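Reading the structure
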Amino acid sequence: QSNLVANVIFPRLGETLGRTSDPAAVLRLGLRAAEVVALGMVLCAAALLAAGVPLVEWLLPAYRPGLVAAGGLVAAAAFQGISMPLRYALLTTKRIWPMLAVTGVAATLALAGGIGVLYGSQDRLGADLIRISWTSGGAAAFLLMATLALCSGRRRELWGTAARVVLITVYLAAGVWLLQTLRGHGWWPAALAAVWCVVPAWRLGMLVDWRNLLRSSDRD
């Protein structure tokens, strides 16, 4: 889902830079796209953890031991997805080396964390998978926070949007952790997921320009 949004927004970033010659306008657009993606990631994560994982457990019972890592992996994928529009904005504004640097640091953190968890481990049942998955989630969170800092930086006018992305990210991480904790507790994960999605779904609906969307549908 984040790829779909990011691939659509990438040409718009170049168009905005060409039209305005203002890097701040490009970064603002990237931050707004990241906010939309972050809200969408909450809905996707809820669907994956409340419905997708139980479905896989039912269809493929041999995979159940490995599904303990689902929470951390979903969080890591969501954080990386949120950062995609930000990385495209940095590419458009020619801030390639800082973007590559923070990406390299995040990859190093994920690798070092995984090695640290597995070094000397006697685990044969997959319990360490949880710690490894959340290590990846932490590295992806670092990447997101670093790209947010690169995009907003000293531009005070962008801090508000960046702060909203941070709040949604924290909300996402907390919900994923709770859903993973309640895994296997009957209907509680589904109920929590439904409640968890209310505010992001409402906010996402507020951000959509329904008039233009309906006009486009009528023209189609």
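For the structure itself, look to the data block above.
With that settled, consider unusual backbone geometry. Phi angles above zero are rare outside glycine, and Ser21 is one such case at about 55 degrees. Positionally, Ser21 belongs in the loop between α1 (2-20) and α2 (23-59). According to the relative accessible area criterion, Ser21 is exposed, its value standing at 59%. A positive phi angle, close to 65 degrees, is found at Lys94, a residue other than glycine. Its place among the elements puts Lys94 in the loop between α3 (70-92) and α4 (96-118).

For the rest of this paragraph, the subject is the packing of aromatic side chains. All chains considered together, the criterion is met by 3 aromatic pairs. With centroids separated by 4.5 Å and ring planes inclined at 15 degrees, the aromatic side chains of Phe10 and Tyr88 adopt a geometry described as stacked. Of this pair, Phe10 sits in helix α1 while Tyr88 sits in helix α3, and the two are 78 residues apart along the sequence. Given a relative accessible area of 17%, Tyr88 falls into the buried group. Ring centres of Tyr171 and Trp196 lie 6.3 Å apart, and the angle between their planes is 35 degrees; on these two criteria the pair is classed as tilted. With a gap of 25 residues between them, Tyr171 in helix α6 (residues 159-181) and Trp196 in helix α7 (residues 188-207) connect regions that are remote in the sequence. With relative accessibility at 5%, the residue Trp196 sits in the buried group.

Let's shift gears to the nonpolar core. In terms of nonpolar packing, the biggest core is built from 53 residues, with Ile82, Leu172 and Trp196 touching the most fellow members. Contributing elements (two or more residues each) for this core: α1, α2, α3, α4, α5 (128-152), α6 and α7. In terms of residue count, the dominant contributor to this core is α2 (15 residues). Excluding residues within four positions of it along the chain, Ile82 makes contact with Ala34, Val37, Ala38, Met41, Leu144, Val165, Thr169 and Leu172.

Parameters and conventions
Residues numbered from 1 in each chain as written. Predicted model: local features only at pLDDT ≥ 70, side-chain atom pairs only at ≥ 80, totals over all residues. Heavy atoms only, no water. Helix = DSSP H or I, 4+ residues; strand = E, 2+ residues; numbered from the N terminus. Buried < 20%, exposed > 50% of the residue type's maximum accessible area, 1.4 Å probe, protein only. Phe/Tyr/Trp six-rings, centres within 6.5 Å; stacked < 30°, edge-to-face > 60°. Core = buried A, V, L, I, M, F, W, Y, C linked by side-chain atoms within 4.5 Å. Contact = heavy atoms within 4.5 Å.

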